Amino acid sequence: MPVKYGVPSDPDYNERLAEFEARIKRGEKIEPGDWMPEEYRRQLIRMISQHAHSEVVGMLPEGAWITRAPTLKRKMILVAKVQDEAGHGQYLYHAAETLGVSREAMLEALLAGKAKYSSIFNYPTLTWADIGTIGWLVDGAAIKNQTMLAACSYGPYSRAMVRICAEETFHHKQGKEMVLLYAKGTPKQRQMAQDAINRWWWPALMMMGPHDQDSPNTEVLVRWGIKTKTNDQVRQEFINEHAPEILEAGLTLPDPDLRYDEKTGNWLHGPINWDEFWQVVNGNGPMNKERLEARRRAHAEGAWVREALEAYAAKRQRTAVAV
Amino acid sequence: MRSEVREALIAKLTALADDEVILAHRGSEWTGHGPILEEDIALANIVQDELGHATLWYGLRQQLDGSDPDQLAFFRDAYGYRCCELVELPKGDWAFTMLRQYLYDLYEALWLEAAQHSTYKPLAEAVQKIMREERFHLQHTQAWVERLGQGTDESNRRLQQALDMQWGYAQQLFVPIPGEELLVAEGIVPDLLPLRERWLEHSTRHLQNAGLKLPINPGYQPTSRAYHTEHLWSILAEMQSTARWDAEAKVW
């Protein structure tokens, strides 16, 4: 029987919705094939596919430094990291497919510029220290978000997150180790590390999305257990962990208003430049065009390969039938 | 170990490692740009293994002369590198990359199989560590050659074009380096001549089965590893740019 996605015009919608919300309240996971509101499904497809695209596009800024890694060990670690990102993209596309959307359709939406991916990847990686900084700050921010999503109500997404978080935690440690090493390295290495922190700090804070009062999706996402914390809560957790560690390493943060608040135990940040955030989200970041173009080129140049695979598989099938 | 044997072994290990480093460099250029996500993952695996092999070969050299593997990889110029020309060629399209990887993997798998009986124990042990993964590479790239060869007219044409280009270059894998005969006489490394026979037999069968024709005129066949293609200088300029950027840096 085809899966039922409920809409408010269904005669039994309210009854089933109440049942569905009660399950979530009890902490049960919603699984593929269970009844769910169409809006729940739509929000999940949006989030999971964006997340998958982020992994795939995210391979580009870091992948570009594999050929320039300064030691054999760093090179190997970076290849493994970018490979993990490809793997995350793969699980996430599978998780989204459980909601009845195909990988091809999701990719098409990405290449047509209709689907979003994390804006952070629309910033350039200018030096080798960016690799460490992305691991520490960008993966650090992603982990905060993903740890929250690991508790989400949709089973396949939650399980993908558990697995992904474990790998991201490893990347986060490697990134931090690099930046700390360069922070106490030569003058040039220190300068490189500081410059990278200066450029990535604010974009990393923007990764959690707009402030709660400006985030139209948050309310329904929290009620349905897709998000279990708000953007501002997750952002605060990120700052509380990372700001003191960066300062302790002898580096500075590009926020003159940053201060520790004794009363709440929080590190309070200055105003975030949301104009910049929306500019980048809407396609005007430094790398939006290049990133999308790189994906389109890879897809177009791979077309004949995919056709060959299909033709080969079809021939094999015919031979198998003939035998 | 006699000093001339030791010198020859150092040179051989360097050539083995350099091949892996440069081939890994070319392979890594695909990361994020592969034709399907699954292949980004598979090729990244192969690249990691090759870097692992390079580390192993440089490590054996280090035991002999105390040289530092990262110094060798990141501070030698094109005059010092001893890779073969096949691995330097630009990555080309997917057919070019898969065919090169196949020709190389077949050579490496056969070489390792023979080298597991090396009389030089550290080498025999190193070979044991990596033989299994090399067999996986070969399975993977062998399957790609078959799929592309038997896929569509276009994939067959592209693969044939790659073969016409690479066949002569691949023969360099079987050209001994100066002094290699000393190593063969001592049973330290396998003799390349019979390996070449086996490689020719396997590759010819597989390529023909995939619907390809071996080039009648193999074209240019490089012999000396002291000289390179015009690409190596640029590869090294890119690869070494971070390591050389800060002369004072001791650790990365």
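Residues numbered from 1 in each chain as written. Chains lettered and ligands numbered in written order. Predicted model: local features only at pLDDT ≥ 70, side-chain atom pairs only at ≥ 80, totals over all residues.

Looking up chain B in an unreviewed UniProt entry gives the name Phenylacetate-CoA oxygenase subunit PaaI, with the organism given as Meiothermus hypogaeus NBRC 106114.

Named according to an unreviewed UniProt entry, chain A is 1,2-phenylacetyl-CoA epoxidase, subunit A originating from Meiothermus hypogaeus.

**Points about the overall build of chain A**
Operational definition: Runs of H or I in DSSP of at least four residues are treated as helices and runs of E of at least two as strands, each being numbered from the N terminus. What the globule rule says is 2.2 Å times the number of residues to the power 0.38, and the radius of gyration is computed from C-alpha atoms. Counts of 20 or more other C-beta atoms within 10 Å of a residue's own C-beta define buried residues, counts of 12 or fewer define exposed ones, and intermediate counts define partly exposed ones; C-beta atoms are placed from the backbone. Throughout, a residue-residue contact means that the two C-beta atoms, derived from backbone geometry, are no farther apart than 7 Å.
Along the backbone of chain A there are 12 helices and four strands. In summary, chain A has a C-alpha radius of gyration of 22 Å against a globular reference of 20 Å for 323 residues, a match within 12%. In terms of its C-alpha atoms, chain A occupies a principal-axis envelope of roughly 65 × 55 × 35 Å. For chain A, the residues scored as buried account for 42% of the 323 residues in total. For chain A, restricting intrachain contacts to residue pairs at least 6 apart in sequence, the fraction spanning at least 24 positions comes to 73%.

**Remarks on the overall build of chain B**
Summing up its helical and strand segments, chain B has 10 helices and zero strands in all. Each helix and strand of chain B, placed in order from N terminus to C terminus, yields the pattern α-α-α-α-α-α-α-α-α-α. A compact globule built from 252 residues would reach a C-alpha radius of gyration of about 18 Å, and chain B, at 18 Å, matches this within 12%. Taken over the C-alpha atoms alone, chain B extends approximately 55 × 45 × 30 Å along its principal axes. Sequence separation of 24 or more characterises 80% of the internal contacts of chain B that already satisfy a separation of 6 or more.

**Remarks on the interface of chain A and chain B**
Convention followed: Polar here means any residue other than Ala, Val, Leu, Ile, Met, Phe, Trp, Tyr, Cys and Pro, which are nonpolar, and Asp, Glu, Lys and Arg, which are charged; Gly is therefore polar.
Facing 40 residues of chain A, the contacting portion of chain B comprises 42 residues. For the side of chain A that touches chain B, the secondary-structure elements that each account for two or more residues are helix H2 (38-63), helix H3 (72-97), helix H7 (187-206), helix H11 (288-301) and helix H12 (303-322) of chain A. Sorting elements by how many residues they give to the side of chain A that touches chain B places H3(A) first, with 12 residues. Here the side of chain A that touches chain B is built from residues that sort into 22 nonpolar, 11 polar and seven charged.

**Some thoughts on the environment of A:Pro286**
Relative to the helices and strands, A:Pro286 is located in the loop between helix H10 (274-284) and H11. Ignoring sequence-local partners within four residues, the contact set of A:Pro286 consists of A:Asn122, A:Tyr123 and A:Pro124.

**A short note on the packing of H3(A) against helix H6 (residues 155-183) of chain A**
Residue and element names in this part refer to chain A. Counted only if it meets this: Angles here are taken between N-to-C directions and fall from 0 to 180 degrees, while the axes themselves are lines fitted to C-alpha atoms, restricted in helices to the stretch in contact. In this scheme, roughly parallel covers angles under 35 degrees and roughly antiparallel covers those over 145, while 65 to 115 is roughly perpendicular and the rest are oblique.
Following both chains from N to C, one finds H3 and H6 inclined at 170 degrees, their axes separated by 10 Å at the closest point. On the basis of the axis angle, H3 is roughly antiparallel to H6. For the pair formed by H3 and H6, the contact residues are Ile77, Lys81, Asp84, His88, Tyr91, Leu92 and Ala95 on the first element and Pro156, Tyr157, Ala160, Arg163, Ile164, Glu167, His171 and Gln174 on the second.

**Examining the packing of H3(A) against helix H2 (residues 37-65) of chain B**
Between two packed helices, the angle of one axis relative to the other and the distance separating the axes together describe the packing. Stated formally: Each crossing gets its hand from how the near helix is turned against the far one by less than a right angle, where anticlockwise is left-handed and clockwise is right-handed.
Running from amino to carboxyl end, H3(A) crosses H2(B) at an angle of 160 degrees, the nearest separation of the two axes being 9 Å. When the interaxial angle is binned, H3(A) and H2(B) end up roughly antiparallel. The hand of the H3(A)/H2(B) crossing is left-handed. Here A:Leu72, A:Lys75, A:Met76, A:Val79, A:Ala80, A:Val82, A:Gln83, A:Ala86, A:Gly87, A:Gly89 and A:Gln90 of H3(A) come into contact with H2(B), specifically with B:Leu37, B:Asp40, B:Ile41, B:Ala44, B:Asn45, B:Val47, B:Gln48, B:Leu51, B:Gly52, B:Ala54 and B:Thr55.

**Focus: the confidence of the model for chain B**
Rules: Note: pLDDT gives the predictor's confidence per residue, expressed from 0 to 100.
On average, residues of chain B carry a pLDDT of 97, and 100% of them reach 70 or more. Prediction confidence for the complex, expressed as pTM and ipTM, is 0.96 and 0.97 respectively.

**A short note on the nonpolar core**
Convention followed: A set of buried residues drawn from Ala, Val, Leu, Ile, Met, Phe, Trp, Tyr and Cys, joined through C-beta atoms within 7 Å, is what defines a nonpolar core.
Counting residues in hydrophobic clusters, the biggest one holds 149 residues, and the most contacted among them are A:Tyr157, B:Leu99 and B:Val145. Non-local contacts of B:Val145, meaning those with residues more than four positions away in its chain, are made with B:Met98, B:Leu99, B:Tyr102, B:Leu159, B:His206, B:Leu207 and B:Ala210.

**Structural notes on helix H1 (residues 13-25) of chain A**
The following threshold applies: The span you would expect from a helix comes to 1.5 Å times its residue count less one.
Its 13 residues give H1(A) an end-to-end C-alpha distance of 18 Å, which sits within 8% of 18 Å, the value for a rise of 1.5 Å per residue. Downstream of H1(A) by a residue or two, A:Gly27 has a phi angle that is positive, lying close to 85 degrees.

**Focus on the environment of B:Glu197**
The topology assignment puts B:Glu197 in helix H8 (residues 192-209). Considering only alpha carbons, one finds B:Glu197 and B:Ala15, 182 residues apart in sequence, at a separation of 21 Å.

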